[in-house]
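The primary structure of each chain is shown beneath.
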Amino acid sequence: MKLQFFLVTLCFGIGVMAGKYSRELNEQKPIGSDGQSVEFRIAKLNQVWEKAKRMQLSPVRQTELHSDLKIQEKDELQWKKLKVEGLDENGEKEAQLRRSFNVILTKYGMDGKRDTRPLESNHLKDHDTKDEDTFDDPRLDKLWNKAKSSGKFSNEELVSLKREFQHHKDKIQEYNILMDTVNRAEEVHKNVISPMEGDAKEHVLHQKHKDLKHKMRDLNQGFERLRRLSHEGFTEDSEFQEPRVIELWEAARRANLSEDELDSLKEELHHFETKVEKHSHYKEQLELSHQKLRHVETLGDKEHIKRTQEKYNTLAEKTREIGYKMKKHLQDLSNKISRAGLEHNEL
């Protein structure tokens with residue numbers, strides 16, 4: 001009996017250690033052609049990352065880019081498996097990946113175009129209701145000013161409302177980026193000579209226009225929500241506070257899911273909202289840490305600089321890790337709700 005217990009314990013211990021070592025092995029950074037460790041397994045993503053570091057993007061902006069590139073890497077590696085298995089014959093997934101990569105380049109000012117956006121600052125953002133900038137959209141600016149001066153919102157509610165306006169502004173920017181990539185693709189399409197190549201590119205363009213239509217519908221629904229919130233205020237029984245989570249919840253309710261399915265999804269969305277809040281907290285701490293590092297560097301104490309730099313590097317790595325997990329979870333939830341909506345519509 002003792003021997004059996006010993007063997008079971010030994011096997012369990014080996015299994016745990018094997019799992020631990022295999023996980024550590026998988027988490028090791030990939031090695032480049034020069035034998036040096038690199039950040040990503042795909043060369044073009046490493047090139048973008050190195051360029052971003054040379055551009056000296058703000059710390060938070062760098063962590064956001066890193067998370068976007070990790071998602072792109074995951075999707076591209078999955079696509080390579082599909083391609084080997086012959087499951088992307090029409091090239092739809094490949095076109096989608098190319099499009100998302102172009103969106104990343106444009107989003108972070110690395111598409112070769114002159115960036116006309118305001119210069120980023122490493123100064124901490126104020127978290128009060130004072131609004132020194134605009135939302136770069138006359139309709140949003142008008143709605144925000146009306147809501148701000150209406151007297152319907154507490155300071156805390158104004159902070160939440162401003163977050164929703166900022167989220168909508170980001171969505172408008174994403175739409176404009178996608179529109180730009182479609183326009184460029186259409187220019188290329190005009191110069192196609194081969195009929196077969198023309199048919200393939202026609203399919204890709206059709207998919208891009210579908211994406212544009214989908215994003216435009218989301219924008220319209222998002223603006224309608226902002227308009228309703230600005231006039232009616234927040235309801236006491238609001239399920240969620242984070243704009244991205246609110247959008248997912250409303251999309252799920254439009255998908256005609258059963259009560260049980262909605263209850264299950266609601267619980268998952270609460271977990272996701274906690275991740276989003278955690279990510280926001282870490283980004284704020286990273287900004288503070290960067291500000292402290294800049295201050296310590298002016299003092300010239302090498303030992304102090306080294307300790308502060310190590311703390312900053314650890315925090316930046318943790319923020320990137322949480323950002324990736326949060327964005328991956330967002331992607332999974334979006335796909336899950338989309339699939340559920342399609343399945344129910346087909347019934």
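All of these numbers come straight from a predicted model, not from anything done at the bench. (Residues numbered from 1 in each chain as written. Predicted model: local features only at pLDDT ≥ 70, side-chain atom pairs only at ≥ 80, totals over all residues. Heavy atoms only, no water.)

1. A word on the packing of helix H3 (residues 59-84) against helix H9 (residues 259-299)
For clarity, the cut-off: Fitted lines through C-alpha atoms give the axes, limited to the stretch in contact for helices. The angle between two N-to-C directions lies from 0 to 180 degrees. Runs of E in the DSSP output that reach at least two residues are strands. Runs of H or I that reach at least four are helices, and both are numbered from the N terminus. Roughly parallel here means an angle under 35 degrees, roughly antiparallel means over 145, roughly perpendicular means 65 to 115, and every remaining angle is called oblique. When checking whether two residues touch, look at their non-hydrogen atoms; a contact exists if any pair is within 4.5 Å. Classes in brief: Ala, Val, Leu, Ile, Met, Phe, Trp, Tyr, Cys and Pro nonpolar; Asp, Glu, Lys and Arg charged; the others, Gly included, polar.
Where H3 meets H9, the closest approach of the two axes is 9 Å, and the angle between their N-to-C directions is 135°. The pairing of H3 with H9 is recorded here as oblique in orientation. Together, Pro59, Val60, Thr63 and Glu64 of H3 and His279, Lys283, Leu286, Glu287 and His290 of H9 make up the contact between the two elements. When its residues are assigned to classes, the contact of H3 with H9 shows three nonpolar, three polar and three charged.

2. Observations concerning the environment of isoleucine 246
By the element assignment, isoleucine 246 lies in helix H8 (residues 243-254). Along the chain, isoleucine 246 and glutamate 273 lie 27 residues apart, while their C-alpha atoms are 9.4 Å from each other. Those residues in contact with isoleucine 246 that lie beyond four places of it in its chain are Glu164, Arg225, Phe240 and Gln241.

3. With respect to the pattern of salt bridges
Our working definition: Whenever a carboxyl oxygen of Asp or Glu lies within 4 Å of a side-chain nitrogen of Lys or Arg, that contact is scored as a salt bridge. Relative accessible area decides the class of each residue, using a 1.4 Å probe on protein chains only: under 20% of the type maximum gives buried, over 50% gives exposed, and in between gives partly exposed.
With the rule as written, the count across this model stands at 23 salt bridges. Residue lysine 283 is joined to glutamate 64 by a salt bridge in which the shortest nitrogen-to-oxygen separation is 3.6 Å. Remark: glutamate 64 occurs in helix H3 and lysine 283 occurs in helix H9; sequence separation between them is 219 residues. Glutamate 64 sits in the buried class, given a relative accessible area of 15%. Among the ionic pairs, lysine 70 bridges to glutamate 73, the shortest N-O distance being 3.4 Å. Pair noted here: lysine 70 and glutamate 73 are both in helix H3, with a separation of three residues, about one helical turn. Bridged by salt links that share partners, the residues Glu64, Asp68, Lys107, Lys283 and Lys327 form one connected network.

4. Things to note about the side chain of threonine 106
Note the cut-off: Polar contact is defined as a pair of N or O atoms within 3.5 Å, subject to the rule that within protein one atom must be able to donate a hydrogen and the other to accept it, and that residues adjacent in sequence are counted only when both atoms are side-chain atoms.
Structurally, the position occupied by threonine 106 is in helix H4 (residues 92-107). The buried category is assigned to threonine 106, whose relative accessible area is 14%. From its side chain, threonine 106 meets the backbone oxygen of asparagine 102 in a polar contact 2.9 Å long.

5. Remarks on H9
Quick note on the threshold: In a helix, the anticipated span is given by 1.5 Å times the number of residues less one.
Its 41 residues place the ends of H9 60 Å apart at the C-alpha level, agreeing with the 60 Å of an ideal helix rising 1.5 Å per residue. Directly beyond the C-terminal end of H9, a positive phi value near 85° is found at glycine 300.

6. Points about the packing of aromatic side chains
Basically, it comes down to this: Here the aromatic set is Phe, Tyr and Trp, taking the six-membered ring for Trp, and pairing holds for ring centres within 6.5 Å; pairs whose planes are under 30 degrees apart are stacked, those over 60 apart are edge-to-face, and all others are tilted.
Taken as a whole, this structure holds five aromatic pairs when the rule is applied. On the numbers, 6.4 Å between centres and 80° between planes, the contact of phenylalanine 40 with tryptophan 49 is edge-to-face. The pair phenylalanine 40 / tryptophan 49 is uniform in exposure class, with both members buried. Where phenylalanine 135 meets phenylalanine 165, the ring centres are 5.4 Å apart and the plane angle is 40°; that geometry is what we call tilted. Within this pair, whereas phenylalanine 135 is found in the loop between H4 and helix H5 (138-148), its partner phenylalanine 165 is found in helix H6 (residues 155-190), the two being separated by 30 residues in sequence. Three or more aromatic residues joined by ring pairs make a cluster, and in this case those are Phe135, Trp144 and Phe165.

7. Quick word on the environment of glutamate 321
Locating glutamate 321 in the fold gives a position in helix H10 (residues 302-346). Judged by its relative accessible area of 34%, glutamate 321 is partly exposed. Sequence spacing of glutamate 321 and histidine 66 is 255 residues, and the spatial spacing of their C-alpha atoms is 9.0 Å.

8. So, a negative patch on the surface
Rules: The residues that make up patches have over 30% relative accessible area and no salt bridge, and they are joined within 9 Å when like-charged or within 5 Å when they are Val, Leu, Ile, Met, Phe, Trp or Tyr. With residues, only the protein chains shown are counted as cover, and all accessible areas are computed by Shrake-Rupley using a 1.4 Å probe. Neither His nor the chain ends contribute to the count of charged residues, in which Lys and Arg are positive and Asp and Glu negative. Where a charge lies is defined by one atom per residue type: Lys uses NZ, Arg uses CZ, Asp uses CG and Glu uses CD.
A surface patch of negative charge is lined by Glu259, Asp260, Glu261 and Asp263. According to the relative accessible area criterion, glutamate 259 is exposed, its value standing at 59%.

9. What to know about the packing of helix H2 (residues 43-55) against H3
Contact geometry of H2 with H3 gives a least axis separation of 10 Å together with a crossing angle of 175°. Between H2 and H3, the angle falls in the class roughly antiparallel. The segment H2 lies against H3, with Lys44, Leu45, Val48, Trp49, Ala52 and Lys53 engaging Gln62, Leu65, His66, Leu69, Gln72, Glu73 and Glu76. A per-class count over the contact of H2 with H3 returns six nonpolar, three polar and four charged.

10. Description of the side chain of threonine 308
As for its placement among the helices and strands, threonine 308 is situated in helix H10. Polar contacts involving the side chain of threonine 308 include one to the main-chain carbonyl oxygen of histidine 304, which spans 2.8 Å. Beyond its immediate stretch of four places on either side in the chain, threonine 308 contacts Lys292, Leu293 and Val296.

11. Focus on the nonpolar core
The test is simple: The nonpolar core is taken to be a set of buried Ala, Val, Leu, Ile, Met, Phe, Trp, Tyr and Cys residues, with the residues joined through side-chain atoms within 4.5 Å.
By size, the foremost hydrophobic cluster in this structure holds 18 residues, and its most contacted members are Leu140, Trp144, Leu161 and Phe165. Sorting the residues of this core by element identifies H5, H6 and helix H7 (195-232) as the ones contributing at least two each. In terms of residues, this core owes the most to one element, H6, which gives seven residues. For leucine 140, the residues in contact, after removing those within four places along its chain, are Phe135, Phe165, His168, Lys169, Ile172, Phe223 and Leu226. With 17 residues, the next largest nonpolar core counts Val245, Leu248, Ala252 and Leu257 among its residues.

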